[in-house]
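Per-entry structural report
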Amino acid sequence: MADPVVATYSIAACDLEAQQWGVAVQSKFLAVGSVVPWAEPEVGAIATQAYANPGYGPNGLALLREGLSASEVVERLIAADQGRDERQLGIVDAHGAAASWTGPDCNDWAGHRTGPGYAAQGNILVGGETVAALATTFEARAELPLAERLIACLAAAQDAGGGRRGQESASLLVVQKDGGYAALSDTLVDLRVDDHERPIDELRRIFGLHQRLFGLSPRADWLPLEGELRAEVDERLGRLGYDSLDAWAGVENLEERVDGEDEIDPVVLDALREASS
């Protein structure tokens, strides 16, 4: 049986100031997030695609962990792989250095582009404009947090033409040391759209939900729970059948945004008002 022909574009990148590494990818392939993206905080990020070799992910991270640079890891991985001519690979290391590989037998259009902090690559695309859009958007949107920046890259790449075979799935993985849930994991964002007509739009939508549940408003933006606001919050909680903000927030998965009863995150207040309207 012939191997499936897959159209994919991705970007592996980092934000050294925030100490975050990540990968965003879109593909005409079911559940692309289960194959392409790999990342480890303070180590690097890897995208493996085309006739993907999933071993490039864990093996590449192990080499990066040993201190090899992105270019050295690419060379080491493809040298050991007889199928390298049909593979694509992009790596960003712990220092933000980047390297990519596009095998000569990858289906056209296929290519890559690298720069400080990113490796962008794609295959079976309408043309080089797709990879160029990944790169130029990453370079131009440095003001954004890494996760939002990577989603912006995917959207720009799709607007530039995307893959010749269309869309199906998308994925966003961002890691940061102790940046995950309750500071107990390194997975800051791990979102997948496995089968959708407009996977990038859906990825952006569920990222918004993720930010609502797990993002953090600056403490200076929190509101004192006193006077009329205290009375309003208590009345709304009572209307919903709860006797504390903690109890309601736990049911709504907003517990990461609650810290005592003296102040309230404005995102939590908006959610409470919406739920009790």
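Below: a short report on this structure. (Residues numbered from 1 in each chain as written. Predicted model: local features only at pLDDT ≥ 70, side-chain atom pairs only at ≥ 80, totals over all residues. Heavy atoms only, no water.)

**Focus on the pairing of strand E4 (residues 44-50)**
The side chains of a regular strand alternate between the sheet's two faces. The condition is simple: When accessible area is computed with a 1.4 Å probe and restricted to protein chains, residues below 20% of their type maximum are described as buried, those above 50% as exposed, and intermediate ones as partly exposed. Labels follow the DSSP assignment, with helices taken as runs of H or I lasting at least four residues and strands as runs of E lasting at least two, numbered in each case from the N terminus. Paired strands, as defined in this entry, are two strands with at least two bridges between them according to DSSP.
Of all seven residues in E4, seven are buried; the element is thus mostly enclosed. As paired strands, strand E3 (residues 37-40) and E4 are joined by four bridges and run antiparallel to one another. Across the sheet, residue Trp-38 finds its bridge partner in E4, namely Ile-46.

**Observations concerning the pattern of salt bridges**
So the rule is basically this: Salt-bridge detection follows one rule: a side-chain nitrogen of Lys or Arg within 4 Å of a carboxyl oxygen of Asp or Glu.
One pass over the structure, following the stated rule, counts 16 salt bridges. Measuring nitrogen to oxygen at the nearest pair gives 3.8 Å for the salt bridge that ties Glu-139 to Arg-113. Note that Glu-139 is positioned in helix H3 (residues 129-140) and Arg-113 in strand E7 (residues 111-115), a separation of 26 residues in sequence. For Arg-113, a relative accessible area of 32% puts it in the partly exposed group.

**Observations regarding the layout of surface pockets**
Stated formally: Of the two site types, the cavity is a set of points on a 1 Å grid over the protein atoms alone where a 1.4 Å probe fits but cannot get out, and the pocket is an open set with protein on both sides within 12 Å along at least five of seven lines, each lined by residues with an atom within 4 Å of a point. Grid points are joined across faces, edges and corners, and a volume is the space filled by probe spheres set on the points. For this scheme, ten residues count as nonpolar: Ala, Val, Leu, Ile, Met, Phe, Trp, Tyr, Cys and Pro. Four count as charged, namely Asp, Glu, Lys and Arg, and the remainder, Gly too, count as polar.
Size it by volume and the largest pocket reaches roughly 500 Å³. The wall of the largest pocket is formed by 21 residues, among which Gly-179, Leu-188, Gln-211, Phe-214 and Gly-215 lie closest to the centre. Of all elements in the fold, only helix H4 (146-159), strand E10 (187-193) and helix H5 (199-214) reach the threshold of two or more residues within the lining of the largest pocket. Examining the composition of the lining of the largest pocket, we find that four residues originate from one element, H5, more than from any other. Among the residues forming the lining of the largest pocket, the class breakdown is 11 nonpolar, seven polar and three charged.

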